[in-house]
Amino acid sequence: RFMAENEKIAKKLIQELFDSLGIKDSFDVTDSEESIDVVINSEDPGLIIGHHGDTLDSIQLVLSLMLAKKLGEFKRVSVEVGDYKKNRSDYLKNLAAQTKDRALSEGQEIFLPNLKSWERREVHMYLSDDPDVISESVGEGKDRTLVVKPK
């Protein structure tokens, strides 16, 4: 019941945001324990994704803030359009595996700059139980970089 209420609130806020942005696409909303997931059914996903996913990230952030204000608690919002995040997630798993192999074969830290926070999180989660390497984020703000190093 509580989740259905969150979904209803989220749908209303998303529709308001989309109307003000001129986005006419339909979308589906699912509320889970971890996050509110939004899947946009778009004819032109590139417009919503933007350069390197910047527009998509901005939409997620704005929706998270709007929802937090309305619900009185912060809940992560994940927006997917045109399988962008799924494809990016597959790419990140491969990147994590290749970086692990490089760190072990070269016996040193390998730095992965220019990843968004959710991308760093994916790599950390992928390597979290690995017996051979550890991953951590270093730096601040835009300069935050993921490091993979042998244990």
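This is a predicted model, so every value here is computed, not measured.

S.K.: How would you sum up the packing of aromatic side chains? Please name residues and give values.
M.R.: According to the stated counting rule, one finds one aromatic pair in the structure shown. For the ring pair Phe18 and Phe27, a centre distance of 5.4 Å and an interplane angle of 75° mean the geometry is edge-to-face. Taking the ring centre of Trp118 as reference, the NZ or CZ of Lys85 above it sits at 4.9 Å.

S.K.: Break down the pattern of salt bridges for me, with residues and values.
M.R.: Counting across every chain of the model gives eleven salt bridges. Residues participating in the shared-partner salt-bridge network are Asp54, Asp57 and Lys116.

S.K.: A description of the sheet that holds strand E4 (residues 110-112) should follow, citing residues and the corresponding values.
M.R.: Taken together, three strands build an open sheet; the order of strands is E4-E6-E5 and the sheet is antiparallel. On the outer flanks of this sheet lie E4 and strand E5 (133-138), each paired with one strand and no other. In this sheet, neighbouring strand axes are inclined to one another by 25° on average, regardless of whether the strands run parallel or antiparallel. Direction of pairing for E5 relative to strand E6 (residues 145-150): antiparallel, over a ladder of six bridges. Along E6, the bridge assignment pairs Val133 with Pro150. In the packing of helix H5 (residues 117-127) onto the sheet, contacts are made with E5 and E6, and the angle to E5 comes to roughly 160°.

S.K.: Quick one: what's the story with the side chain of Asp31, residue by residue and with numbers?
M.R.: With respect to the helices, strands and loops of the structure, Asp31 is situated in strand E1 (residues 26-31). What makes Asp31 buried here is its relative accessible area of 6%. Polar contacts involving the side chain of Asp31 include one to the side chain of Lys75, which spans 2.8 Å. Beyond its immediate stretch of four places on either side in the chain, Asp31 contacts Met3, Asn6, Glu7, Ile36 and Lys75.

S.K.: Please give an account of the pairing of E6 that cites residues and values.
M.R.: Among the six residues that make up E6, five are buried, leaving the element largely enclosed by the rest of the structure. Sheet topology places E4 next to E6; three bridges connect them, and they run antiparallel. Bridge pairing links Phe111 to Val147 in E6. Hairpin connection from E5 to E6: six residues lie between these consecutive antiparallel strands, with Gly139 at a positive phi of about 90°.

S.K.: Account for helix H4 (residues 84-106), with residues named and values stated.
M.R.: With 23 residues, H4 should cover 33 Å at 1.5 Å per step; its first-to-last C-alpha distance of 32 Å lies within 8% of that length. Buried residues of H4: Tyr84, Lys85, Ser89, Leu92, Leu95, Ala96, Thr99, Lys100 and Ala103, and no others. Backbone geometry just after H4 places Gly107 at a positive phi near 65°.

Calculation criteria
- Residues numbered from 1 in each chain as written.
- Predicted model: local features only at pLDDT ≥ 70, side-chain atom pairs only at ≥ 80, totals over all residues.
- Heavy atoms only, no water.
- Phe/Tyr/Trp six-rings, centres within 6.5 Å; stacked < 30°, edge-to-face > 60°.
- Lys NZ or Arg CZ within 6 Å of the ring centre and 35° of its normal.
- Salt bridge = Lys/Arg side-chain N within 4 Å of Asp/Glu carboxyl O.
- Pairing = 2+ DSSP bridges.
- Helix = DSSP H or I, 4+ residues; strand = E, 2+ residues; numbered from the N terminus.
- Axes fitted to C-alpha atoms, helices over the stretch in contact; angles between N-to-C directions.
- Contact = heavy atoms within 4.5 Å.
- Buried < 20%, exposed > 50% of the residue type's maximum accessible area, 1.4 Å probe, protein only.
- Polar contact = N/O pair within 3.5 Å; in protein donor to acceptor, adjacent residues only side chain to side chain.
- Expected span 1.5 Å × (residues − 1).

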